[in-house]
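# An overview of the molecular structure
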Amino acid sequence: MAVRSVRGLEMAYEEAGRGVPVVLLHGFPFNRTLWRDQTETLSATHRVVAPDLRGFGETSVGEGDTATMEEMARDVAALMDELKIERAILGGLSMGGYVALAFCRLFSRRVRALVLADTRPQSDTEEGRANREVMARRALDEGMGAIAEAMMPKLLAPATHMKNPQAVARVREMILSTKPEAAAAALRGMAVRQDHTNWLQNVLQPTLIVVGSEDQLTPPADSETMRGEIRGSRLEVIEGAGHVSNVERPKEFNAALTKFLKDLQP
Ligand code: MLT
C-alpha cells in the first residue's frame, strides 16, 4: 500500500506490475482490496493501480457530508497525475462504475478503455434517494454492522452464501471496516448522481461490461441497456455470481478481463 496527497486527501492505493496502466475503482461500501485477485492476475502484464476512494479503506475522509461521483473521479484523475499516468484502462464495480462513467465524461481522453462491472447508468429513483438518506443515518447512528446486515443478503448470490464462506467473510469484513462517515457521504453522493443513460452513446472507448447472472442490485438488464447504448461494447455474464462478481467468481471474472485486455493490444 502507498499513499499520496491529492486534493486535500491522503489517498491510499495499491500498485503492482508494469506496462499499460489499469486503474480499478471499488464499489460501496468496500475498499481497494476488492480487487485483490484481479491485481494479482493483471499485474503479470499491466501496471495495476487500485485506490481507496474518498473516505474508504485507508484514504482520509474529505470535507463535507456528500462525496459526489465527480469528486471521486477528480480524486482519481489527481492520483493519476501524481503517478504520471496520462491514460489508463479504467474499470469500476458498482459505485466504482458510477465513478468510472463520471470520469469518462469529465476526462474522456484519459480513458484508453472501460470496464463496467455490476453497475448501471441510471440515477436513483425518488424512493432510492430517500432510502440512501435512511441508510446514511443508520451508518452514522448504528454503525457499519447495521449496513452489513441490510446489504449482505442482496450483495451475494445464494450459492455464494451457501458454498463460499471465504467470499462472504471478505465482503462482510470490507463493509465492517468502512468508516461510517465515509459510507454516509458516499450514499449521499450516489443519491445525487447524474443519469448517464443518454450519455452512453458518447463512450467511444472499447468497453467490457461484466455482470453476475444473480446480481440483484444492478441486474443483468441494466448491463443489457449499457451494451445497447455503448457502440461495440462486449457483455460477459458471470453465471452464478451476484453483485460482487469479481470476488464471487474470480476465475471467470479474470478470464473475461484478461481476454478483453489481450484483444486491446495493438
Ligand atoms: C455498490 O455496490 O457500489 C452499491 O451497491 C451501489 C449502489 O448502492 O447503487
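These numbers come from a predicted model, not from an experiment.

Along the backbone of the protein there are 11 helices and eight strands. Once the C-alpha set of the protein is aligned to its principal axes, its extents read approximately 50 × 40 × 35 Å. Scored against the burial criterion, the 266 residues of the protein give a buried share of 55%. Nonlocal contacts in the protein, meaning residues at least 24 apart in sequence, comprise 77% of its contacts between residues at least 6 apart.

It is worth spelling out the pairing of strand β8 (residues 234-238) at this point. Bridge count between strand β7 (residues 207-212) and β8: five bridges; the pairing is parallel. Of the residues in β8, the one forming a bridge with G212 is I238. Handedness of the β-α-β unit built from β7, helix α9 (residues 220-229) and β8 comes out right-handed.

So, about the packing of aromatic side chains. Any aromatic ring pair is given by two values, namely how distant the centres are and how the planes are angled relative to each other. Going through the model one piece at a time under the given rule, you end up with three aromatic pairs. Centre to centre, the rings of W35 and F253 are 6.3 Å apart; their planes meet at 50°, and the pair counts as tilted. Here F253 lies in helix α11 (residues 250-264) and W35 lies in the loop between β3 (21-25) and α1 (36-42), a separation of 218 residues in the sequence. Ring geometry for F103 and F107: centres 5.0 Å apart, planes at 55°, overall tilted.

Attention now moves to the layout of surface pockets. What the largest pocket holds in volume is close to 690 Å³. If you trace the largest pocket, you find 22 residues lining it, with R120, N131, R132, K154 and L217 closest to the centre. Residue assignment for the lining of the largest pocket shows that the elements contributing at least two residues are α3 (95-106), α4 (126-142), α5 (144-155) and α8 (180-191). Take the lining of the largest pocket: its biggest share by element is five residues, from α4.

Calculation rules
- Residues numbered from 1 in each chain as written.
- Predicted model: local features only at pLDDT ≥ 70, side-chain atom pairs only at ≥ 80, totals over all residues.
- Heavy atoms only, no water.
- Helix = DSSP H or I, 4+ residues; strand = E, 2+ residues; numbered from the N terminus.
- Buried < 20%, exposed > 50% of the residue type's maximum accessible area, 1.4 Å probe, protein only.
- Contact = heavy atoms within 4.5 Å.
- Pairing = 2+ DSSP bridges.
- Right-handed = clockwise from strand over helix to strand, strands pointing away.
- Phe/Tyr/Trp six-rings, centres within 6.5 Å; stacked < 30°, edge-to-face > 60°.
- 1 Å grid on protein atoms, 1.4 Å probe; cavity = no way out; pocket = protein on both sides within 12 Å on 5 of 7 lines; lining within 4 Å.
- Points joined across faces, edges and corners; volume = space filled by probe spheres on them.

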